[in-house]
Amino acid sequence: MKIFKKTTALLAAALLATGLTACDNKDSGAASADNNAASAIERIKKADKVRIGVFSDKPPFGYVDKDGKVQGFDVEIAKAVTKDLLGDENKAEFVLVEAANRAEYLLSNKVDITMANFTVTPERKEVVNFAKPYMKVALGVVSKQDAPITDVAQLADKTLLLNKGTTADAYFTKNFPKNKSLKFEQNTETFQALLDGRGDALSHDNTLLFAWAKENPGYVVAIKNLGDLDYIAPAVKKEDTDLLQWLDGEIEKLAKDGTLNKAYQKTLQPIYGDEIKEADVLVEYQ
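Residues numbered from 1 in each chain as written. Predicted model: local features only at pLDDT ≥ 70, side-chain atom pairs only at ≥ 80, totals over all residues. Heavy atoms only, no water.

Here we come to the sheet that holds strand β13 (residues 219-232). The 5 strands are arranged β11-β10-β12-β9-β13 in an open sheet whose pairing can be described as mixed. What marks the edges here is a single partner per strand, and that holds for β11 (180-184) and β13. Pairwise comparison of adjacent strand axes, ignoring direction, gives a mean angle of 25° for this sheet. Note that strand β9 (residues 135-144) and β13 share 8 bridges and pair antiparallel. Within the sheet, the bridge partner assigned to Lys136 lies in β13 and is Tyr231. Packed on one face of the sheet, helix α8 (residues 187-195) meets β9, β10 (159-163), β11, β12 (201-205) and β13 and runs near 160° to β10. On top of the sheet, helix α9 (residues 206-215) reaches β9, β12 and β13; it is set at about 45° to β9, its chief contact. (Pairing = 2+ DSSP bridges. Helix = DSSP H or I, 4+ residues; strand = E, 2+ residues; numbered from the N terminus. Axes fitted to C-alpha atoms, helices over the stretch in contact; angles between N-to-C directions. Contact = heavy atoms within 4.5 Å.)

Encoded structure:
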């Protein structure tokens, strides 16, 4: 199904849907001083819900379906986390985030956990704490099949499309500061710019690009691995040490009991098919 192309139209409706919040309000506002003094897990159990930041526009990892519900690989894991923490996966309150505000939503207490395909980096670790990872990822570059970008050197006189606040943005800003680029807040905007011909190539997580290129004939991920191999993990506030410790054990448990495998089979395998191997994506724990 064309989940990438449906996302933009559905997003506006989804922001009005019950249970999804894109901004702070009384129900999901800042915790009181008393709550801040308590442990994070106690705070969550007292509220009887866990606020989890997820993407609305990054299928197949986090997106809004035709019924206004969030779906995707990250969402499946978030549901399992919520069930083990509060006994019911429906006690997850999904908060829609963008790449550039994932850490900000934690720091301003709009979410308890961020699970929006958050890549672990040294810079981000200075701001938030990451639990054990559940997914492996590297950067890639997608371009037109009849004018493929097969080497970064080819981008010197071309326009590269990027999402603000992503590892791709950080990588090219640091390593190729003189290259021309166009940057957008939302994934849907960035991919639409590629389709419209406003850029020659787009860089993002390779796991996302593989899926997008498969749903959009005429485009190819000609640079499949760029930069270092990275990891994606849940993130929490620095002071939420008890929640961090619990999540460490939880992610390892979900890997060992087959939950991560089930999430992969449900959300990623139908898109990747046999071209991408499960072992190339999921983190294994012995």
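On we go from here.
Moving on to the side chain of Asn109. In this structure, Asn109 sits in the loop between α5 (102-107) and β7 (113-114). Assessed through its relative accessible area of 7%, Asn109 is described here as buried. Looking at Asn109, its side chain comes within polar contact range of the side chain of Lys237, at 3.3 Å. (Buried < 20%, exposed > 50% of the residue type's maximum accessible area, 1.4 Å probe, protein only. Polar contact = N/O pair within 3.5 Å; in protein donor to acceptor, adjacent residues only side chain to side chain.)

Attention now moves to empty space enclosed by the protein. All chains considered together, the criterion is met by 1 cavity of 30 Å³ or more. By volume, the largest cavity is sized at about 50 Å³. For the lining of the largest cavity, the residue count by class is 1 nonpolar, 5 polar and 4 charged. (1 Å grid on protein atoms, 1.4 Å probe; cavity = no way out; pocket = protein on both sides within 12 Å on 5 of 7 lines; lining within 4 Å. Points joined across faces, edges and corners; volume = space filled by probe spheres on them. Nonpolar A, V, L, I, M, F, W, Y, C, P; charged D, E, K, R; others polar.)

On to the sheet that holds strand β5 (residues 70-71). Read across the open sheet, the 3 strands follow the order β3-β4-β5; overall the sheet is antiparallel. Because the sheet does not close on itself, it has two edges, and the strands there are β3 (57-58) and β5. Sheet analysis places strand β4 (residues 62-64) next to β5, joined by 2 bridges and oriented antiparallel. Each bridged residue has a counterpart across the sheet, and for Tyr63 the counterpart in β5 is Gln71.

Let's shift gears to the pattern of salt bridges. Inspection of the entire model under this criterion finds 17 salt bridges. Linking Glu185 and Lys164 is a salt bridge whose minimum nitrogen-to-oxygen distance equals 3.6 Å. Residue Glu185 is found in the loop between β11 and α8, and its partner Lys164 is found in the loop between β10 and α7 (167-175); the two are separated by 21 residues along the sequence. Notably, a salt bridge pairs Asp169 with Lys183, separated by 2.8 Å at the nearest N-O pair. One end of the pair, Asp169, is in helix α7; the other, Lys183, is in strand β11, with 14 residues separating them in the sequence. Assessed through its relative accessible area of 35%, Lys183 is described here as partly exposed. Several salt bridges converge on common partners, so that one network encompasses Arg43, Arg51, Asp112, Lys237 and Asp240. (Salt bridge = Lys/Arg side-chain N within 4 Å of Asp/Glu carboxyl O.)

Geometry only, nothing functional implied.
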